[in-house]
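Spelled out, the chains give:
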Amino acid sequence: EDLMSVISYHPEVVRIAQNYAIAVCKFIQRPDLCLSDIRKYSDINEEILIRALPQEILKSISEPAMDAVHEAAGHHEVRTRQAVLLEQEVDSGMCRLDMDPQTGKVLRMVNLVTLNLTRADDGYTCKKIGEWDNSKQIVVRCEQKTPGTKMRPGEMPRQALDRLLHE
């Protein structure tokens, strides 16, 4: 009965649930998985399924947090400009917003894929210490970090990893 009342007052919930179910079904239909080993051999988790949702649904999931950002910005010019930039980032699919249920703070969610390579015999790890600058034909030093990349809109972790390895 409670679910029916939510659905009758908030029809967008049905659309979100429908798209979430479609994303789960598409993921499960991957030819390299069996239902019995989906957790053991796949990278399935809630965040990956959320990433598989259509962009319009991700935007609607972010709306309450985005409203809170705009409300907090008020008439402050710099904060309003930052809120607009954040909204453009959400609209482009580069991030999504959520709210911490305990504090009410807005959370900006960006999905990353990192490559953690450790040599078995001595425990040395692969770290990124620079990037190639094509225009200057030099290596630009950076802070030591694990190689990685932000996931692009609609991209799954494996696709981002493949892109990272081929760039």
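Residues numbered from 1 in each chain as written. Predicted model: local features only at pLDDT ≥ 70, side-chain atom pairs only at ≥ 80, totals over all residues. Heavy atoms only, no water.

Caption draft 1: Up close: the environment of T114. Inspection of the secondary structure assignment puts T114 in strand 3 (residues 112–114). Here the alpha-carbon distance between T114 and A160, two residues 46 residues apart in the chain, equals 9.3 Å. Residues within four places of T114 in sequence aside, it is in contact with T146, P147 and G148. (Helix = DSSP H or I, 4+ residues; strand = E, 2+ residues; numbered from the N terminus. Contact = heavy atoms within 4.5 Å.)

Caption draft 2: Representation of the packing of helix 5 (residues 55–73) against helix 6 (residues 77–92) in the model. Contact pair helix 5 / helix 6: the axes reach a minimum separation of 9 Å and the direction vectors enclose 175 degrees. Classed by the angle they form, the pair helix 5 and helix 6 counts as roughly antiparallel. Of helix 6, the residues touching helix 5 (which contributes Q55, K59, S62, M66, V69, H70, A72 and A73) are R79, T80, A83, V84, L86, E87, V90, D91 and S92. Taken together, the residues of the contact of helix 5 with helix 6 break down into eight nonpolar, five polar and four charged. (Axes fitted to C-alpha atoms, helices over the stretch in contact; angles between N-to-C directions. Parallel < 35°, antiparallel > 145°, perpendicular 65-115°, else oblique. Nonpolar A, V, L, I, M, F, W, Y, C, P; charged D, E, K, R; others polar.)

Caption draft 3: Local environment of the pattern of salt bridges. Applying the stated rule across the entire model yields eleven salt bridges. Between E131 and K128 there is a salt bridge, with the nearest N and O atoms lying 2.5 Å from each other. Note that E167 and R152 form a salt bridge whose closest N and O atoms lie 3.4 Å from each other. Of this pair, E167 sits in the segment after helix 7 (157–166) while R152 sits in the loop between strand 6 (148–150) and helix 7, and the two are 15 residues apart along the sequence. Under the relative-accessibility criterion, E167 is labelled exposed at 63%. With relative accessibility at 42%, the residue R152 sits in the partly exposed group. One continuous salt-bridge network, built from bridges that share partners, spans R152, E155, R163 and E167. (Salt bridge = Lys/Arg side-chain N within 4 Å of Asp/Glu carboxyl O. Buried < 20%, exposed > 50% of the residue type's maximum accessible area, 1.4 Å probe, protein only.)

Caption draft 4: Molecular detail of a negative patch on the surface. A surface patch of like charges, here negative, comprises E12, E63, D67, E71 and E87. Along the polypeptide, E12 turns up in helix 2 (residues 11–28). On the basis of relative accessibility, which here comes to 36%, the residue E12 falls in the partly exposed class. (Patch = residues over 30% accessible without salt bridge, like charges linked within 9 Å, V, L, I, M, F, W, Y side chains within 5 Å. Areas by Shrake-Rupley, 256 points an atom, 1.4 Å probe, with all protein chains shown as cover. Lys, Arg positive; Asp, Glu negative; His and termini not counted. Charge placed at Lys NZ, Arg CZ, Asp CG, Glu CD.)

Caption draft 5: View of helix 7. If you check which residues of helix 7 are buried, you get P157, A160, L161, R163 and L164. With its buried residues spanning 160 degrees around the axis, helix 7 presents them on a single face. Opposite its buried face, helix 7 presents the exposed residues R158, L165 and H166, each directed more than 90 degrees away. (Arc of directions from axis to C-beta.)

Caption draft 6: A look at the nonpolar core. One finds A65, M66, V69, A73, A83, L86, V90, C95 and L97 forming the largest nonpolar core, which totals nine residues. With four residues, helix 5 is the single largest residue contributor to this core. Aside from chain neighbours lying at most four places away, what touches L86 is M66, V69, C95, L97 and R108. Listed in part, the six residues of the second largest apolar core include V113, L115, A160 and L161. (Core = buried A, V, L, I, M, F, W, Y, C linked by side-chain atoms within 4.5 Å.)

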